[in-house]
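Residues per chain, in single letters:
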Amino acid sequence: MAATYPEYIWQNGRIKPWAEATVHVMAHALHYGSSVFEGIRSYETPQGPAIFRLGDHLKRLYMSAKIYDIAIPYTIDELAAACREVILKNGLTKAYLRPVAFRGLGGFGLSAETPTDVAVATWEMGPYLGPGVLEAGIDACVSTWNRMAPNTIPTGAKAGGNYLSGQLIAREARRLGFGEGIALASNGLLSEGAGENLFLVFDGQLHTTPASAAILNGITRHTLMTLARANGIEVVERDMPREYLYLADEIFMCGTAAEVTPIRSVDAKQVGAGKAGPITRKMQELYFGLFSGKTEDRWNWLDPVA
């Protein structure tokens, strides 16, 4: 089935037809993974379409660019305006946004000086891990691929090259018939999913791996930790061994794309009752309640599109 693309995209300062947003085959990023990007969602709310934590996502984009010395030739306010503009131009409300900045055509060496190209795309996206997974959950496996060791590739940056690791983890899981893969850190302790953060539930508490476990310190992860604490659910950041995946009462993955996805089994071992448990359901209720109006947005996380 052929993919259907939106009509317009924002590239290097202006809206243009999607098909005209081209890049030279010798662009630095294509050969070396020298790009940084964000995944952001826009939701329909009672007050109209709103982008979730737009400012926080764009700040992280600039922090990722700083790590890799990628100079972005636009301000955060200009890119925020571009995000709103491309949603409106495509007539979307509930949508996924992809701002990306990358080293374009210039020199050919690893440290070559090149211009920075910037684009913002948007499209309609349902549940990232498949239809019905937010309700039914997924079966996951522990990958044979580890996440990066400290002081090798900075996992705190959301950079294109980092996601080669996630591709290995995700494609292995799909090949073996699982919905998603879970990676261990280089020390053998739990890290994160192919492109998602992890939460395990023990005795009503949320346990999640720390930033030092080779994870991307996710914005959805921070959102859920904030919502949990505001609603009397204790959150613990800690190192955890692999076997805790088999002992947890509940497990779920989270991320902008994955949102809050329950895990019903790991390595064919049932998690809890084999379905989303009460804490997972509560976190889904609080998270999606931000967009329906059932959860008060006390943190000003919703940025109106228009």
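Heads up: these notes are all about the structure in this document. (Residues numbered from 1 in each chain as written. Predicted model: local features only at pLDDT ≥ 70, side-chain atom pairs only at ≥ 80, totals over all residues. Heavy atoms only, no water.)

Topologically, S64 is positioned in helix α2 (residues 54–67). When its relative accessible area of 0% is taken as the criterion, S64 is described as buried. Setting aside chain neighbours within four positions, we find S64 in contact with V36, A157 and K158. (Helix = DSSP H or I, 4+ residues; strand = E, 2+ residues; numbered from the N terminus. Buried < 20%, exposed > 50% of the residue type's maximum accessible area, 1.4 Å probe, protein only. Contact = heavy atoms within 4.5 Å.)

Bringing the pairing of strand β1 (residues 8–11) into the picture now. Residues Y8 and W10 point to one face of β1 and I9 and Q11 to the other, with burial holding for every one of them. Here β1 pairs with strand β2 (residues 14–17) via four bridges, running antiparallel. Within β2, the position partnered with I9 by the bridge is K16. Between β1 and β2, which follow one another and run antiparallel, lie two residues, and N12 among them has a positive phi close to 50°. The pairing of β1 with strand β7 (residues 116–123) spans two bridges and is antiparallel. Each residue of the ladder has a partner; that of W10, found in β7, is V120. (Pairing = 2+ DSSP bridges.)

Let's shift gears to the nonpolar core. In this structure, W10, I51, I72, L79 and L97 are the most contacted members of the largest nonpolar core, which totals 28 residues. At the level of secondary structure, the elements contributing two or more residues to this core comprise β1, α2, α3 (76–89), β6 (95–103) and β7. The biggest single contributor to this core is α3, with six residues. Ignoring anything within four residues of it in the chain, the contact list for L97 reads E38, G39, I40, I51, C83, V86, I87, V120, A121 and T122. Core analysis: the next-biggest nonpolar cluster, separate from the first, contains 21 residues, F199, F252, I279 and M283 among them. (Core = buried A, V, L, I, M, F, W, Y, C linked by side-chain atoms within 4.5 Å.)

The next point concerns unusual backbone geometry. Unlike most non-glycine residues, D203 shows phi in positive territory, near 50°. Topologically, D203 is positioned in the loop between β11 (197–202) and β12 (205–208). Residue classification places D203 among the exposed residues on the basis of a relative accessible area of 73%. Even without a glycine there, the phi angle at E259 is positive, about 55°. Among the secondary structure elements, E259 is positioned in strand β15 (residues 259–266).

Turning to the state of the cysteines, a few remarks are in order. What is meant by a disulfide is a covalent connection between two cysteines, made through their sulfur atoms. All told, the structure shown has zero disulfides when counted by the stated rule. C141 takes part in no disulfide bond, and the closest cysteine sulfur to it belongs to C254, at a distance of 18 Å. The class for C254 is buried, based on a relative accessible area of 1%. (Disulfide = S-S within 2.5 Å.)

It is worth spelling out the packing of aromatic side chains at this point. Taken as a whole, this structure holds 13 aromatic pairs when the rule is applied. Ring geometry for F199 and F252: centres 5.1 Å apart, planes at 20°, overall stacked. Of this pair, F199 sits in strand β11 while F252 sits in strand β14 (residues 250–255), and the two are 53 residues apart along the sequence. Taking the relative accessible area as the measure of exposure, F199 reaches 0% and is therefore buried. Summarising the aromatic geometry, the rings of Y287 and F291 are spaced 5.4 Å apart at their centres and angled 90° between planes, so their arrangement reads as edge-to-face. Of this pair, Y287 and F291 both sit in helix α8 (residues 278–292), four residues apart, which is roughly one turn of that helix. Classification of F291 as buried rests on a relative accessible area of 4%. Here a set of aromatic residues connected by ring pairs shows up, and it is made of Y43, F52, Y287, F288, F291, W299 and W301. Over the ring of Y8 we find K89, and its NZ or CZ is 4.8 Å from the ring centre. (Phe/Tyr/Trp six-rings, centres within 6.5 Å; stacked < 30°, edge-to-face > 60°. Lys NZ or Arg CZ within 6 Å of the ring centre and 35° of its normal.)

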